[in-house]
Amino acid sequence: MFDLTGKTALITGASGGIGGAVASALHGAGAAVALSGTREAPLRELADRLGERAHVVTADLGDAAAVEALPRQAAEAMGSVDILVNNAGITRDNLFMRMSDEEWAQVIDVNLTSSFRLARGVLRGMMKARWGRIVTITSVVGTTGNPGQGNYAAAKAGLVGMSKSLAYEVASRGITVNCVAPGFIETAMTDKLNDEQKGRILTQIPAGKMGAPDDIAAAVLYLASPQAGYVTGATLHVNGGMAMI
Amino acid sequence: MSDISDRVKKIVVEHLGVDEEKVTENASFIDDLGADSLDTVELVMAFEEEFGIEIPDDAAETIQTFGDAVKFISGATA
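### Section: the overall build of chain A
Working step 1: A count of helices and strands for chain A gives 9 helices and 7 strands.
Working step 2: Its C-alpha atoms give chain A a radius of gyration of 17 Å, within 12% of the compact-globule value 18 Å for 245 residues.
Working step 3: Principal-axis analysis of the C-alpha atoms places the extent of chain A at approximately 50 × 40 × 40 Å.
Working step 4: Buried residues in chain A amount to 49% of all 245 residues.
Working step 5: Taking the contacts inside chain A whose residues are at least 6 apart along the sequence as the reference set, 68% of them involve residues at least 24 apart.
Working step 6: Here chain A displays about 11300 Å² of accessible surface, and carbon together with sulfur accounts for 53% of that area.
Working step 7: Of the charged side chains in chain A, 21 are positive and 22 negative; the average position of the first set lies 7 Å away from that of the second.

Printed below as a string of structure tokens:
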């Protein structure tokens, strides 16, 4: 249904569960993809599996210079960047009273500031092309809050405000800026939870199960598609009904 | 100088969709030629490409009129 033939997409955090699924979905719809992450081996593995139109561009998103260089590297590999998926994210959970400045700063730098820098870096090409898609993966906790995740929730809520502001600025240029907010998704991040924790979470999810990375990828694919051209400044919540907002 | 002026004028006319005779020395991009703030950013980007120069943000802010643009670019390419 959604055809991205001829489009180019940069996906950060592509070695993770959600990032990998997003990259596969966009690639499956015909887009060329630049897979970004800190570790090259899993990215290379994914690129080999996808085959043609898949490129690897490693970058540590905590490193400002590396972030600045990333859009240019991706454009060199693919010719342009039509679609940016800000997916990379880290957690440094701690109770507020115990949270260090460093734990706060790391999460804000990687999750929020790098997304700002990447979006700024890809805008010039999108403005000239009069077409662009910026999709940022946020989280249900950016809206609801979560104990132990003051830094993470702040970054995720910050991304929503950032995306809406940018959406205003560039809407007249054919560029849309949206967010996808996952609830509990089966990934390496949630594998760490024990059965009791998972059981407790499931009681709060009307759908009665955790989501899959593909559920998020489908939402990103839609927002990246030409069909979603009139959707901007929105957050699409994909959480099995856990928070209806 | 006139060559630069012509090339700048062409970009302004194309980008803002205005008549050539409106693009005079003192014509302000925003007040007289209907540009919004994003248009001015795009104009600067177009000038950079056309002339192969870098226009830093603080310089870009001083380019308010067609004449400003021609003057800056003439200086930068001299």
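Read on, since the account is not over.
### Thoughts on the interface of chain A and chain B
Working step 1: Contacts between the two partners involve 7 residues from chain A, matched on the other side by 8 residues from chain B.
Working step 2: When the buried area of chain A at its contact with chain B is split by residue, A:Arg124, A:Met127 and A:Arg173 rank highest and sum to 69% of it.
Working step 3: Of the charged contacts, one joins A:Arg130 and B:Glu42 as a salt bridge, the two residues approaching to 2.8 Å between their closest N and O atoms.
Working step 4: Our count for the contact surface shared by chain A and chain B stands at 5 residue pairs in polar contact (both at pLDDT 80 or more).
Working step 5: Looking at the side of chain A that touches chain B, the elements that each hand over two or more residues are helix H4 (101-129) and helix H6 (150-170) of chain A.
Working step 6: A total of 3 residues in the side of chain A that touches chain B trace back to one element, the largest contributor, which is H4(A).

### Quick word on the sheet that holds strand S2 (residues 32-37) of chain A
Residues and elements named next belong to chain A.
Working step 1: Reading across from one edge, S3-S2-S1-S4-S5-S6-S7 is the order of the 7 strands in this open sheet, with parallel pairing throughout. Two strands close off the open sheet at either side, each with one partner strand: strand S3 (54-58) and strand S7 (235-238). With direction set aside, neighbouring strand axes in the sheet form an average angle of 20 degrees.
Working step 2: Of the strand pairs in this sheet, strand S6 (residues 175-182) and S7 are connected by 4 bridges, and their pairing is parallel. Bridge pairing in S7 places Cys179 opposite Thr235.
Working step 3: Helix H2 (residues 40-50) contacts S2 and S3 of the sheet and is inclined by roughly 170 degrees relative to S3.

### Thoughts on the confidence of the model for chain B
Working step 1: Taken residue by residue, chain B gives an average pLDDT of 93. The fraction at 70 or more is 99%.
Working step 2: Reported confidence for the predicted complex is 0.78 by ipTM and 0.92 by pTM.

Rules and cut-offs
Residues numbered from 1 in each chain as written. Chains lettered and ligands numbered in written order. Predicted model: local features only at pLDDT ≥ 70, side-chain atom pairs only at ≥ 80, totals over all residues. Heavy atoms only, no water. Helix = DSSP H or I, 4+ residues; strand = E, 2+ residues; numbered from the N terminus. Rg over C-alpha atoms; globule rule 2.2 N^0.38 Å. Buried < 20%, exposed > 50% of the residue type's maximum accessible area, 1.4 Å probe, protein only. Contact = heavy atoms within 4.5 Å. Areas by Shrake-Rupley, 256 points an atom, 1.4 Å probe, with all protein chains shown as cover. Lys, Arg positive; Asp, Glu negative; His and termini not counted. Charge placed at Lys NZ, Arg CZ, Asp CG, Glu CD. Buried area = accessible area lost by both parts, 1.4 Å probe. Salt bridge = Lys/Arg side-chain N within 4 Å of Asp/Glu carboxyl O. Polar contact = N/O pair within 3.5 Å; in protein donor to acceptor, adjacent residues only side chain to side chain. Pairing = 2+ DSSP bridges. Axes fitted to C-alpha atoms, helices over the stretch in contact; angles between N-to-C directions. pLDDT = per-residue confidence, 0-100.

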